[in-house]
Amino acid sequence: MVINLTALKEYMQEAIMEPLDHKNLDKDVAYFADVVSTTENVAVYIWENLQKRLPVGTLYKVKVYETDQNIVVYKGEETTLEK
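Residues numbered from 1 in each chain as written. Predicted model: local features only at pLDDT ≥ 70, side-chain atom pairs only at ≥ 80, totals over all residues. Heavy atoms only, no water.

A. Structural detail: the packing of aromatic side chains. Within the structure shown, the criterion is met by four aromatic pairs. Taking 5.5 Å as the distance between ring centres and 40° as the angle between the ring planes, the aromatic pair formed by Phe32 and Tyr45 counts as tilted. One end of the pair, Phe32, is in the loop between α2 (25-28) and α3 (39-53); the other, Tyr45, is in helix α3, with 13 residues separating them in the sequence. Each of the two residues, Phe32 as well as Tyr45, counts as buried. Here the aromatic residues Tyr31, Phe32 and Tyr45 are joined through ring pairs into a cluster of three or more. (Phe/Tyr/Trp six-rings, centres within 6.5 Å; stacked < 30°, edge-to-face > 60°. Helix = DSSP H or I, 4+ residues; strand = E, 2+ residues; numbered from the N terminus. Buried < 20%, exposed > 50% of the residue type's maximum accessible area, 1.4 Å probe, protein only.)

B. Broad picture of the pattern of salt bridges. Applying the stated criterion across every chain, the model contains one salt bridge. The salt bridge involving Glu14 is made with Arg53; its shortest N-O contact spans 3.2 Å. Note that Glu14 is positioned in helix α1 (residues 5-20) and Arg53 in helix α3, a separation of 39 residues in sequence. (Salt bridge = Lys/Arg side-chain N within 4 Å of Asp/Glu carboxyl O.)

C. Main features of the nonpolar core. Among the nonpolar cores identified, the biggest contains 19 residues, and Leu20, Ile46, Leu50 and Val62 are the most heavily contacted of them. Among the elements that make up this core, the one with the highest residue count is α3 (seven residues). If we ignore the near neighbours within four places in the chain, the residues touching Val62 are Ala43, Ile46, Trp47, Val72, Val73 and Tyr74. (Core = buried A, V, L, I, M, F, W, Y, C linked by side-chain atoms within 4.5 Å. Contact = heavy atoms within 4.5 Å.)

D. A look at α1. Between its first and last C-alpha atoms α1 spans 21 Å; for 16 residues at 1.5 Å apiece the expected length is 22 Å, and the two agree. Taking the largest bend as the criterion, α1 deviates by roughly 40°, centred on Gln13. Restricting attention to buried positions, one finds in α1 the residues Ala7, Ala15, Ile16, Pro19 and Leu20. On its buried face, α1 is in contact with α2 and α3. Following α1 by one or two positions, His22 has its phi on the positive side, about 60°. (Expected span 1.5 Å × (residues − 1). Bend = angle between axes of the 7 residues up to and from the residue.)

Shown next as structure tokens:
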């Protein structure tokens, strides 16, 4: 086991759900005051917030599904779009 799933759930709650869930990203999230709230930038935001909480080296990628046809994968410095 790489990480305790209960701890991971807590980290995800703190890093993703609390700051983003049911929010107007452009108005309610300070990060997006100066950054356009594209799917790519949402993936970067999630990466940065999770990276702070997880043990070093455990976060491999963040995958954000905007639609079935628009999927963003972020691996720290590399962003890719999947189809």
